[in-house]
Amino acid sequence: MFGAFRSSLVQLGGRLNKIPWRMSTTRKANMRQRLRAADDVVGTLAASGVQFKALNAQLAMPSEAQMHPRLKYWVFSRNEVGLKKATHKVPKFTKVEHARAWPEGLQRIFLKQQPRLPSSDGKLPE
């Protein structure tokens, strides 16, 4: 049908989810920029000599330069299938604090999930 009562995905199924499955390079660059800005604020507070519990906890976290690229764009989510969720799929991910550290055991497992490519002699790495 045409006109005001035409059927579309939005009208038939509610809000059409338009979150892309892959994070674009622009979103990644903006994410890194936000992480660096937060690091600058923490560094300024630490240099001023102020001390409080939240600042000490933030100083214990890795900075943007120290973070592994896989940890910058993924967050721990116990409800997801792989226990990880892409950062841009978190509601309001530009406004909420980005968790920079995962549970220790899961962080090691997640970082070891690299593709195993054969070396020049044809053997897989262990």
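Computed from a predicted model, the values in this text were never measured in an experiment.

**Details of helix α2 (residues 25-48)**
At step 1: Taking 1.5 Å as the rise per residue, α2 with 24 residues should run 34 Å; its terminal C-alpha atoms sit 35 Å apart, in good agreement.
At step 2: Trailing α2 by a residue or two, glycine 49 shows a phi angle of about 95 degrees, which is positive.

**Some points on the packing of α2 against helix α3 (residues 53-60)**
At step 1: At a minimum axis separation of 10 Å, α2 and α3 run at an interaxial angle of 120 degrees. Considering the angle they form, α2 stands oblique to α3. In the packing of α2 onto α3, the handedness of the crossing is left-handed. Facing α2, whose interface residues are Val42, Leu45 and Ala46, α3 presents Leu55, Gln58 and Leu59.

**Considering the pattern of salt bridges**
Side-chain pairs of opposite charge can arise whenever the charged atoms involved come near each other.
At step 1: The full count for this structure, using the stated rule, is three salt bridges.
At step 2: Between arginine 36 and glutamate 64 there is a salt bridge whose closest N-O contact spans 3.6 Å. Placement of the pair is arginine 36 in helix α2 and glutamate 64 in the loop between α3 and α4 (69-72), with a sequence separation of 28 residues.
At step 3: The salt bridge involving lysine 72 is made with glutamate 64; its shortest N-O contact spans 2.8 Å.

**Notes on the side chain of serine 77**
At step 1: With respect to the helices and strands, serine 77 occurs in the loop between β1 (74-76) and β2 (84-86).
At step 2: Take serine 77: its relative accessible area is 12%, and that puts it in the buried class.
At step 3: Those residues within four positions of serine 77 in sequence are excluded, and the remaining contacts are Leu83, Lys84 and Lys85.

**Re the nonpolar core**
At step 1: In this structure, Leu35, Met67, Leu71, Trp102 and Phe110 together form the largest nonpolar core, which totals five residues.
At step 2: The residues contacting tryptophan 102, other than those within four sequence positions of it, are Leu71, Trp74, Val75, Phe76, Leu83, Lys84, Gln107 and Phe110.

**Thoughts on unusual backbone geometry**
One can expect most non-glycine residues to show negative phi and most peptide bonds to be in trans.
At step 1: In this structure, leucine 83 takes a positive phi of about 60 degrees despite not being glycine.
At step 2: When you line up the elements, leucine 83 lands in the loop between β1 and β2.
At step 3: For leucine 83, a relative accessible area of 31% translates into the label partly exposed.
At step 4: For lysine 92, which is not a glycine, the phi torsion comes out positive at approximately 55 degrees.
At step 5: Residue position: lysine 92 is located in the loop between β2 and α5 (104-112).
At step 6: Its relative accessible area of 65% is what places lysine 92 among the exposed residues.

**Points about the environment of histidine 98**
At step 1: Tracing the chain through its elements places histidine 98 in the loop between β2 and α5.
At step 2: A relative accessible area of 11% means that histidine 98 is categorised as buried.
At step 3: Considering only alpha carbons, one finds histidine 98 and threonine 87, eleven residues apart in sequence, at a separation of 8.4 Å.

**Points about the packing of aromatic side chains**
At step 1: Under the criterion given, the structure shown has zero aromatic pairs.
At step 2: Lying over the aromatic face of tryptophan 74, lysine 84 brings its terminal NZ or CZ to 5.5 Å of the ring centre.

**Side note on the side chain of lysine 72**
At step 1: With respect to the element layout, lysine 72 can be found in helix α4.
At step 2: Accessibility expressed as a relative area gives 9% for lysine 72, which makes it buried.
At step 3: Residues contacting lysine 72, with those up to four places away along its chain left out, are Met31, Arg32, Leu35, Glu64, Met67, Thr87 and His98.

About the thresholds
Residues numbered from 1 in each chain as written. Predicted model: local features only at pLDDT ≥ 70, side-chain atom pairs only at ≥ 80, totals over all residues. Heavy atoms only, no water. Helix = DSSP H or I, 4+ residues; strand = E, 2+ residues; numbered from the N terminus. Expected span 1.5 Å × (residues − 1). Axes fitted to C-alpha atoms, helices over the stretch in contact; angles between N-to-C directions. Parallel < 35°, antiparallel > 145°, perpendicular 65-115°, else oblique. Left-handed = near helix turned anticlockwise from the far one by under 90°. Contact = heavy atoms within 4.5 Å. Salt bridge = Lys/Arg side-chain N within 4 Å of Asp/Glu carboxyl O. Buried < 20%, exposed > 50% of the residue type's maximum accessible area, 1.4 Å probe, protein only. Core = buried A, V, L, I, M, F, W, Y, C linked by side-chain atoms within 4.5 Å. Phe/Tyr/Trp six-rings, centres within 6.5 Å; stacked < 30°, edge-to-face > 60°. Lys NZ or Arg CZ within 6 Å of the ring centre and 35° of its normal.

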